[in-house]
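# An overview of the molecular structure
Residue strings, one per chain:
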Amino acid sequence: MSDSVLKTSANLKSPEFEKNVRRIIDLLTKIKNEEEQIRQEGGAKAIESQHKKGRLTARERIAKLIDTGSQFFELGIYAAFEMYQEWGGAPCAGTITGLAKVCGRTFMLIVNDATVKAGAFFPMTAKKVIRAQNIAIENRIPTIYLVDSAGVFLPLQEDVFPDTDDFGRVFRNNAVMSAMGIPQITAIMGMCVAGGAYLPVMCDHILMTEGSGLFLAGPALVQAAIGQKTSAEDLGGAKMHAQISGTVDFREPDDDACIARIRALVDKIGAPNASPFSHAKSRDPLYSAEDIYGIFSSDPGKQYDMREIIARVVDASEFEEYRAEYGETLLCGYARIGGWAVGIVANQKKHVQTLARSSDQKRIEFGGVIYTESAEKAARFILDCNQNRIPLVFLHDVNGFMVGKDAEWSGIIRAGAKMVNAVANSVVPKITVICGGSFGAGNYAMCGKAYDPRFMFAWPTARFAVMSGDAAAGTLVEIKLKQLEREGKKVDEKQKKELHESVRATYEHQTDPRYAAARLWVDAIIDPAHTRDALIWALEAAALNPEIREFKTGVLQT
């Protein structure tokens, strides 16, 4: 083996390995069961009602649209999870989004689910559609919309209608995408009413099935507004729009014919511009991806070697490590994933023995903590990747930056600012995977949500917040106790313990990746063993955008 090939020393038979496997399998089982429940859409009765109308469900339409034998890489399945319970919930936010292959081309699919409140837009529905469109815009991904929606969910209209990340932004994005030359195909396969009627008409191709309706106001509203009586078919049916208004390009008898027509149109779309990123033949890693279950430890007190994880993600387990002996709590290096060249920035969870800065005194650096040297190394590496047009992949398991007098004297704030600057101003695609903890400013430096990763994934073991649950609970309880003392109330040890557990449970719930995924802070919760597959989808999508703007950082705190 060459020096570039990562060797493994993982003990696959150790009790610790087996304990880690059991923990991740338990988490994955729970998540997969929840996802299966979410995929039941609006339930059996709603699905039966959809079928009685002669229409397929959203997931049935997707299955027929995508290439035979290919996978649908779903994004945002947990959107609105445990939200809107007072309205009966909104599984998947009533809309399905994700990447798929259609006639061999990568497409973003945005599909209304009419079995969930007739496909009405909840606040999170609008945000989910906008997130999918933003991914399409950033990566120049052609997009297919399958429309079957009653429009805005009126009881929550104040949270759906007016803001920059609300309903109207969807149509603004339609216009922007068209101007950018991103192909958009829309099929109206049910109701498409009120403001929602603008979505299909602002796309490049418009298809409509018999029995569907496209109108700014339905028959009841028209009668109430102007006293005119008319049928839905005469007002906005497929035949009317095909023969009289001239709004639709293709009138199709049913869902199957409509999907076949979409595929025929996709087949004629011209080839995308060449990618600016290096690509070679893909090679499998040398080690099994399922080993990750046992190697990774979500216990904050346990160590593991992040190189073992990288070895099971990158092509041929080859990793050209950058400044391997400097700033060792951050791993930086070049690799390929699915043939695509990448730069990897990853938190190392092993403690490291090194020499103190400007001294021959030995010290221990804690795994998962960003020190001055590691921040400086990462900043420099990120500059190199931008210089050489290499996409960046960030693997998180970070407690934050080092604190204390020695850290402050070493210039930790300045080094951290340098790393954050480099991340913020990067012009190459950035893809983030939260494996374990992602706390405080460490989240920012490692390209958290606020730093515009093209895609953001999380493992079931992910946790991210200002600080860890124990630390936060201790701080919040201390504040509460002082407040009670000022009010003259005494709290015994039992009450203190109960208060601590209550606060900790609430905080831990909010740091759970499902809580984040429900609010679209992450695009998908992924199986750790499928990390490579998710990254390949993301890299292939990112490669569709040939434009890389000029790289500038402004003032760096050197």
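I will try to describe carefully the structure that is included in this document. (Residues numbered from 1 in each chain as written. Predicted model: local features only at pLDDT ≥ 70, side-chain atom pairs only at ≥ 80, totals over all residues. Heavy atoms only, no water.)

### Section: the overall build of the protein
Helix and strand counts for the protein stand at 20 helices and 20 strands. In terms of overall dimensions, the protein is globule-like: its C-alpha atoms have a radius of gyration of 26 Å, near the 24 Å expected for 558 residues. When contacts within the protein are restricted to residue pairs at least 6 apart in sequence, those whose partners lie at least 24 apart make up 74%. As displayed, the protein offers around 24,900 Å² of accessible surface, 52% of which is attributable to carbon and sulfur atoms. Positive and negative side-chain charges in the protein, numbering 66 and 69 respectively, have mean positions lying 2 Å apart. (Helix = DSSP H or I, 4+ residues; strand = E, 2+ residues; numbered from the N terminus. Rg over C-alpha atoms; globule rule 2.2 N^0.38 Å. Contact = heavy atoms within 4.5 Å. Areas by Shrake-Rupley, 256 points an atom, 1.4 Å probe, with all protein chains shown as cover. Lys, Arg positive; Asp, Glu negative; His and termini not counted. Charge placed at Lys NZ, Arg CZ, Asp CG, Glu CD.)

### As for the pairing of strand β15 (residues 392-398)
In terms of residue burial, β15 counts as a mostly covered element, since seven of its seven residues are buried. Along β15, one buried face is formed by Leu 392, Phe 394, His 396 and Val 398 and the opposite face, lined by Val 393, Leu 395 and Asp 397, is buried too. Two strands pair when backbone bridges link them, and β15 and strand β17 (residues 430-439) are joined in this way by six bridges, in the parallel orientation. Considered in β17, the bridge of His 396 is made with Ile 434. (Buried < 20%, exposed > 50% of the residue type's maximum accessible area, 1.4 Å probe, protein only. Pairing = 2+ DSSP bridges.)

### Quick notes on the nonpolar core
Of all hydrophobic cores here, the largest spans 129 residues; its most connected members are Leu 109, Ile 144, Ile 262, Ile 310, Ile 344 and Phe 457. Examining the composition of this core, we find that eight residues originate from one element, helix α4 (residues 123-139), more than from any other. The contacts of Leu 109, once residues within four sequence positions are left out, are Ile 62, Leu 65, Ile 66, Phe 72, Ile 96, Thr 97, Gly 98, Ala 100 and Ile 144. Of all hydrophobic cores here, the second largest spans 27 residues; its members include Val 345, Phe 394, Val 428 and Ala 445. (Core = buried A, V, L, I, M, F, W, Y, C linked by side-chain atoms within 4.5 Å.)

### Observations regarding unusual backbone geometry
A negative phi angle characterises most non-glycine residues, just as the trans form characterises most peptide bonds. A positive phi angle, close to 55 degrees, is found at Ala 316, a residue other than glycine. Structurally, Ala 316 is set in the loop between α12 (306-310) and β9 (320-321). Phi at Asp 452 is positive, roughly 60 degrees, even though this residue is not glycine. Structurally, the position occupied by Asp 452 is in the loop between α16 (440-445) and β18 (455-458). Given a relative accessible area of 53%, Asp 452 falls into the exposed group.

### Overview of the pattern of salt bridges
Counted by the stated rule, this structure contains 29 salt bridges. Here Arg 283 makes a salt bridge to Glu 318, at a shortest N to O gap of 3.1 Å. One end of the pair, Arg 283, is in the loop between α10 (255-266) and α11 (292-295); the other, Glu 318, is in the loop between α12 and β9, and 35 residues separate them in sequence. Using a relative accessible area of 24% as the deciding quantity, one classes Glu 318 as partly exposed. Salt-bridge contacts for Arg 532 lead to Asp 315; the nearest nitrogen and oxygen are separated by 2.6 Å. With Arg 532 in helix α20 (residues 531-542) and Asp 315 in the loop between α12 and β9, this residue pair connects regions lying 217 residues apart in the sequence. Both residues of the pair, Arg 532 and Asp 315, count as buried. Linked through salt bridges whose partners overlap, the residues forming this network are Glu 34, Asp 512 and Arg 514. (Salt bridge = Lys/Arg side-chain N within 4 Å of Asp/Glu carboxyl O.)

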